[in-house]
Each structure stands twice: as structure tokens, then as C-alpha cells.
Amino acid sequence: MKRKSIISGFSKLSREEKLAALTGSADKIKSQLDSFRLQDKEQQDLLDEISENTLSNFYLPFGVAPNFVINKQLYHIPMVIEESSVIAAASRSAKFWANHGGFQARVVSVVKSGQVHFLWKGEKDRLIDLLPELKYELYRATKELTRNMRQRGGGIQNIRLVDLSNEMDHYYQLHVDFDTVDSMGANFINSCLEQMAQTMKKFFRYYKELKEIERDCEIIMSILSNYTPDCLVECWVECDIAELDNIEPGMSGKEFAEKFSKASKIAEIDVFRAATHNKGIFNGIDAVALATGNDFRAIEANGHVWASKSGKYKSLTQASISRNRFKYKLTIPLSLGTVGGLTSLHPLAKFGLELLGKPSAKELMMITATAGLANNFGALRSLVTTGIQYGHMKMHLSNLLNALKADYEEKKQALEYFAHKTVSYSEVESFIKSIRTKLR
């Protein structure tokens, strides 16, 4: 590797020049990076243009968790993830619940929002008096920007003033609600907000009968929020407790349901457990988001704020037992899109949506939330029965064998040997060494 130093104009260099600047004459490294690039030049050019300073492609497994019955419809859900046990856990849960009524889901609301953040030194009552005329100008100024979205049934839903001057002197927001229909809508929302910011400046500069102090409207910024508490989806499973009999050998349905509910309650009480519990939910949600070209970082930020809405970070799920019925429910804000962005650009994201039957944004919200609930149910099921490591390390065995460069025969013997044993790196390493020693 070349010694690190400041590189001027890096983004303007060709890919070959970037590699030379970073690695010197490291042909081996260049060869490795080249090996992960696509042979199809058109497809590779597309990927190169999605991001900045692209050197190669970083592959993750694109898999499928089959047999999800959601609102009586069957889905085979695409998932992109590197963690061994996630798709297995989701698939196991899907298969179990397919035979016990399936998953139920509903979209509660689909409103997204953004804010124009500004300082205004006039009296609050005067600002409130001006708001109706200001809103008229804001709607008028964004009319062309919102025309296509309005034709699809969306657009700006509401504009309201938020007073935060008690938190920072003279600080207010225009809080704007949007319905972006089947698009995630980030660019649409930000374009509208930036136009509103420009319109506000003109409004206060030229509006008649304003004092000098009232003409000074300082726009700090205008930007969407990734917290969308009004873009909300619920999904759940439920069945008679008797249907849970022998979900694990030797365990009654009542025993399982009660233990499961206690484990779920702990994630509401203890923040340390809540973080890991919710991570299990996002294992499923993020994997579907990646497979369909959606922004998993925004999704996670959104969900974690929602988990903290009470002032304490808690589980996103709730388990209950009532009248001999077991119910497990996930409520989460999800801002997703099925048109625009990577959903139509990336070939695998496009395939992922086709595999799901080209869902609307609302349908994708329900599918994605269900994948999160399924994965979390599978994890909690293991935790209260066999323990998490038994199944996880079984799935991880192939990774360990690959790390030890095991050949076909060694893998075959290892799979047989560890079929009913606890898997650990040291145990697998010792077993492979023992095979190799015998062959000397």
C-alpha cells in the first residue's frame, strides 16, 4: 500500500488513477478489486454513477425467505444480509405462522414531514396573524413542484407553525406534512421545502405594513425529517395458546407463551435488552430495505426515535396473553418507496420488487414490517427454548469452514460431526486439524 498523503482533486481522477494514488503499483490489490466488477459494462457504469469515487463492488448475499402469508396473501420475501441466521429465522417463523393463521398487517398512516427552520424576532401573535397569507403564498409557490404528485393522490397535506423560541431565542419552524404516494419522496420533499424557504424570504421582505424587525426572517435550513411518526404500520400474529403446544419438544403452549411474554416484557423494561431486541427486528427490516433499494439508515434512525418516544428506549414489540389467546405485535414507523431512486435503477432492487409482485408503498410497508416481526419472533423463540447460539452457530459453521479453507470432504465430515454438537471456532479448528493430521 502506498503511504498515506493528501490527494488533491481525487474525484476528478479516473478509476485507474485513483487506484494508483491509493495503492501505488499494487497489482494484486487492483486485480482483486477488478474481480468484483461486473462484466457488463453498461451495468457497471450504472453502479459507478450511483456513488462517488467508486473503485469496485461490495457484494452481499441476496436471498429469499419464502412462505410468508400476510393478510391471506403469499409472499416470498427478498432479503440482502450477511448474517448467517437471519433468513433462516425469518423462514422458520414464516412457515410456522403460515399454518397458524398467518401474519396480519395494516398501514395506520402515510404522512411524512419536513421543516423550514428559521429565526424571527417579531412578536409571536403577529406571526400567527400572518400565517394564513404566508401559507397561501407557499402553496402557490410550490404548485408546479407538486402537480404530478397531486395527480397521483399525494402532495402537501398541511403546513403549521411550531414555536420553539423557548428552546432557542426567536426559533420557529414551518412543519410541513406530505403524502408521497409510492415514492420515498426525499427529493420531492426537500425541493418543496427549499422553494418554501425562498418564498418566505420574499414574503417578509415585501409584505406591506411590517415593522423593520419583522422583515428580518433568517432561514437556517430547510430539510425533510427521517422521523415519520405519522407514517406508521402495524403487524401481528395471534393464535390459541393450545396451538403453541410442542412448538419446542416437551414444552406446553402455555409455558412457551408465558415465558415468551416475559422475555418480551424485559425488552420494555431494560434498555440493554431493548437495544438487542430491536436489532433483531431490524435484521429483517434492513434486509428487505436493501433488497428493494430503500434507505435502511433512515429506517433505523426513524425506528430508534420511535422506540424512545416515551422518554425511555423500549422494545418496538408487545406480547400479550388474553382469554387463552397469544398475540405478538410490532408497531413501527416506516418510510418506504417503490418508485424512483434505486428501486428502478438497481437491477436487483427492481427484481426484488418484482418478486413481491410490484407492491405499492403501503404494501411494502406491511411486508417489511412483517419480516422484522418474523425475525424477532424467531430470535425470541430460540432465546426462551434452546438458546440463541445453537441455531446461530450451526448456520455460522459454513463461514468457519470457509475461513479455515476446508475442502469439500472436510466440510462434509464437519457437517456430520457437528450435527448435534455445539459449534465454536476453536472446536471447528481442532476438528479440521485432526482430519488433516490423519491424512499425513
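The chain is annotated in an unreviewed UniProt entry as 3-hydroxy-3-methylglutaryl coenzyme A reductase from Marinifilum caeruleilacunae. Taken verbatim from the UniProt record of the chain, the Pathway (unreviewed entry) comment is "Metabolic intermediate metabolism; (R)-mevalonate degradation; (S)-3-hydroxy-3-methylglutaryl-CoA from (R)-mevalonate: step 1/1." Turning to the chain, the UniProt record has this under Sequence similarities (unreviewed entry): "Belongs to the HMG-CoA reductase family."

Chemist: Account for the packing of helix α6 (residues 143-151) against helix α7 (residues 186-206), naming residues and giving values.
Modeler: One way to put it is that α6 packs onto α7 with a least axis distance of 10 Å and a crossing angle of 150 degrees. Between α6 and α7, the crossing angle belongs to the class labelled roughly antiparallel. Where α6 crosses over α7, the two elements pack in a sense that is left-handed. In contact with L145, T146 and M149 of α6, α7 contributes F188, S191, C192 and Q195.

Chemist: Give me the nonpolar core: which residues, what numbers.
Modeler: Residues F68, I77, M79, F326, Y328, I332 and L334 are the most contacted members of the largest nonpolar core, which totals 62 residues. The dominant element in this core, judged by the number of residues it contributes, is helix α13 (residues 361-383), at ten residues. Sequence-distant contacts of I332, defined by excluding residues within four places in its chain, comprise C231, L232, V233, F282, I285, W306, L316 and A369. The next biggest cluster of nonpolar side chains, apart from the first, holds 29 residues, and it includes L131, L134, Y207 and I219.

Chemist: Could you give me a rundown of the sheet that holds strand β4 (residues 112-120), with the residues and numbers involved?
Modeler: Taken together, four strands build an open sheet; the order of strands is β5-β6-β4-β7 and the sheet is antiparallel. Unpaired on one side and paired on the other, β5 (155-163) and β7 (217-224) mark the two borders of the sheet. The mean inter-strand angle of the sheet, taken between neighbouring strand axes irrespective of direction, is 20 degrees. Direction of pairing for β4 relative to β7: antiparallel, over a ladder of seven bridges.

Chemist: Explain the packing of aromatic side chains residue by residue, including any values.
Modeler: In this description, an aromatic ring pair is defined by two values, namely the gap between the centres and the angle between the planes. Evaluation of the coordinates by the stated rule reveals 19 aromatic pairs. For the pair W97 and F377, a centre-to-centre distance of 5.4 Å together with 70 degrees between the ring planes defines the contact as edge-to-face. Placement of the pair is W97 in helix α4 (residues 86-98) and F377 in helix α13, with a sequence separation of 280 residues. F377 matches W97 in its accessibility class, with the two residues each being buried. We note K18 situated over the ring of F10; from NZ or CZ to the ring centre the distance is 5.8 Å. The positively charged end of K309 is found above the aromatic ring belonging to W306, 4.2 Å away from the centroid.

Chemist: An account of the pairing of strand β8 (residues 231-240) is needed here, citing residue identities and associated values.
Modeler: β8 sits mainly inside the fold: eight of its ten residues count as buried. Judged from the six bridges that link them, strand β3 (residues 104-110) and β8 form a sheet pairing that is antiparallel. Within β8, the residue paired with V107 across the bridge is V233. Across nine bridges, the pairing between β8 and strand β10 (residues 325-333) is antiparallel. The residue of β10 that forms the bridge with C235 is L330.

Chemist: Outline the pattern of salt bridges, listing residues and values.
Modeler: Counting across every chain of the model gives 21 salt bridges. When the shortest N-O distance is used, the salt bridge between R147 and E144 registers 2.9 Å. One end of the pair, R147, and the other, E144, are both in helix α6, three residues apart, so they sit about a helical turn from each other. In this structure E144 comes out as exposed when scored by relative accessible area, which is 54%.

Chemist: Pulling in residues and values, what's your account of unusual backbone geometry?
Modeler: Across residues other than glycine, the phi torsion is negative in most instances, and most of the peptide bonds are trans. Although it is not a glycine, E209 adopts a positive phi angle of roughly 60 degrees. Examined against the element boundaries, E209 turns out to sit in the loop between α7 and β7. Of note, the phi angle at K405 is positive, near 55 degrees, even though the residue is not glycine.

Rules used in this analysis
Residues numbered from 1 in each chain as written. Predicted model: local features only at pLDDT ≥ 70, side-chain atom pairs only at ≥ 80, totals over all residues. Heavy atoms only, no water. UniProt positions renumbered as here; feature names shortened; annotations may be inferred. Axes fitted to C-alpha atoms, helices over the stretch in contact; angles between N-to-C directions. Helix = DSSP H or I, 4+ residues; strand = E, 2+ residues; numbered from the N terminus. Parallel < 35°, antiparallel > 145°, perpendicular 65-115°, else oblique. Left-handed = near helix turned anticlockwise from the far one by under 90°. Contact = heavy atoms within 4.5 Å. Core = buried A, V, L, I, M, F, W, Y, C linked by side-chain atoms within 4.5 Å. Buried < 20%, exposed > 50% of the residue type's maximum accessible area, 1.4 Å probe, protein only. Pairing = 2+ DSSP bridges. Phe/Tyr/Trp six-rings, centres within 6.5 Å; stacked < 30°, edge-to-face > 60°. Lys NZ or Arg CZ within 6 Å of the ring centre and 35° of its normal. Salt bridge = Lys/Arg side-chain N within 4 Å of Asp/Glu carboxyl O.

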